[in-house]
Amino acid sequence: DEVAAWYGREHDGEGVDVDEESAEMKKRRTLLVDALLAKATAQSMLLAEAEESDRPQRHEAFESTWSQLEQWGDPATMDDGFDLAVDRERRRGRPASALAMVHDRIDAHPHTQSLYELRLELLEELEWDHLAAAQRNDLLRRFPDDYQPF
């Protein structure tokens, strides 16, 4: 609550005390977000392994943690929260939303092979075979197994 109160009010920005307090609150906010991400990740893993009878309770717990996490920023834009956000969208039956998130991430990180592989998985999940075939060719072109000998 103290961290939320700090970020919810205006500060004059002058003085050593404000700078020190600001650094301390930034550190506490980072710790809080990291803890919420770890909790949401653990709940997501438990949800994936849960039996059918436990799923509604685990899903509700995960969504509660997710809403707490969203109060501190968009988890999908956080480095550790991206995979969690994609899994959440897939679990909610929204692979096209997950695909849009992957496209945005590829724009920011164009040399990450795992993102292109994830895009291929989502295209196959959507049964967009013509785009999946193009993505397979693109993967081979961008990330060849071996280079051609000279």
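Quick note: structure is the one above.
Residues numbered from 1 in each chain as written. Predicted model: local features only at pLDDT ≥ 70, side-chain atom pairs only at ≥ 80, totals over all residues. Heavy atoms only, no water.

Draft legend 1. Structural context of the nonpolar core. Counting residues in each nonpolar core, the largest one holds 28 residues, and the members touching the most others are Phe 82, Val 86 and Val 102. Elements that contribute at least two residues to this core include exactly helix 2 (16-49), helix 3 (55-70), helix 4 (82-91), helix 5 (95-108), helix 6 (113-125) and helix 7 (129-142). For this core, the element with the highest residue contribution is helix 6, accounting for six residues. Beyond its immediate chain neighbours, meaning those up to four positions away, Val 86 contacts Ala 98, Met 101, Val 102 and Leu 118. (Core = buried A, V, L, I, M, F, W, Y, C linked by side-chain atoms within 4.5 Å. Buried < 20%, exposed > 50% of the residue type's maximum accessible area, 1.4 Å probe, protein only. Helix = DSSP H or I, 4+ residues; strand = E, 2+ residues; numbered from the N terminus. Contact = heavy atoms within 4.5 Å.)

Draft legend 2. View of a negative patch on the surface. Residues Asp 34, Asp 80, Asp 83 and Asp 87 make up a contiguous surface patch of negative charge. For Asp 83, the location among the structural elements is in helix 4. (Patch = residues over 30% accessible without salt bridge, like charges linked within 9 Å, V, L, I, M, F, W, Y side chains within 5 Å. Areas by Shrake-Rupley, 256 points an atom, 1.4 Å probe, with all protein chains shown as cover. Salt bridge = Lys/Arg side-chain N within 4 Å of Asp/Glu carboxyl O. Lys, Arg positive; Asp, Glu negative; His and termini not counted. Charge placed at Lys NZ, Arg CZ, Asp CG, Glu CD.)

Draft legend 3. The arrangement of the environment of Ala 134 in detail. Within the element layout of this structure, Ala 134 appears in helix 7. Residues Ala 134 and Leu 120 lie 14 residues apart in sequence; the distance between their C-alpha atoms is 9.2 Å.

Draft legend 4. Focus on the pattern of salt bridges. Under the criterion given, the structure shown has 11 salt bridges. Residues Glu 89 and Arg 94 are paired through a salt bridge, measuring 3.2 Å at the closest nitrogen-oxygen approach. Residue Glu 89 is classed as buried on the basis of its relative accessible area, which comes to 8%. Between Asp 138 and Arg 142 there is a salt bridge, with its nearest N and O atoms 2.8 Å apart. Of the two residues, Asp 138 and Arg 142 are both situated in helix 7; the distance of four residues between them amounts to about one turn of the helix. The exposure class of Asp 138 is buried, given its relative accessible area of 13%. The exposure class of Arg 142 is partly exposed, given its relative accessible area of 38%.

Draft legend 5. Just the packing of helix 5 against helix 6, in detail. Viewed as axis vectors pointing N to C, helix 5 and helix 6 meet at an angle of 160 degrees, and their least axial separation amounts to 10 Å. Classified by the interaxial angle, the pair formed by helix 5 and helix 6 is roughly antiparallel. In the crossing of helix 5 with helix 6, the sense of the turn from one axis to the other is left-handed. Only Leu 115, Tyr 116, Leu 118, Arg 119, Leu 122, Leu 123 and Glu 125 of helix 6 make contact with helix 5, whose side of the interface consists of Pro 95, Ala 98, Leu 99, Val 102, His 103, Arg 105 and Ile 106. (Axes fitted to C-alpha atoms, helices over the stretch in contact; angles between N-to-C directions. Parallel < 35°, antiparallel > 145°, perpendicular 65-115°, else oblique. Left-handed = near helix turned anticlockwise from the far one by under 90°.)

Draft legend 6. Inspection of the packing of aromatic side chains at higher detail. A complete count under the given rule lists two aromatic pairs for this structure. For the cation-ring pair, Arg 91 lies above Phe 62, with the distance from its terminal atom to the ring centre recorded as 5.1 Å. (Phe/Tyr/Trp six-rings, centres within 6.5 Å; stacked < 30°, edge-to-face > 60°. Lys NZ or Arg CZ within 6 Å of the ring centre and 35° of its normal.)

Draft legend 7. Looking closely at the packing of helix 3 against helix 4. Two elements in contact, helix 3 and helix 4, have axes separated by 13 Å at closest approach and are oriented at 135 degrees. By the angle between their axes, helix 3 is oblique relative to helix 4. Judged by the sense of rotation from one axis to the other, the crossing of helix 3 with helix 4 is left-handed. For the pair helix 3 and helix 4, the contacting residues are Phe 62, Glu 63, Trp 66 and Glu 70 in the first and Leu 84, Ala 85, Arg 88 and Arg 91 in the second.

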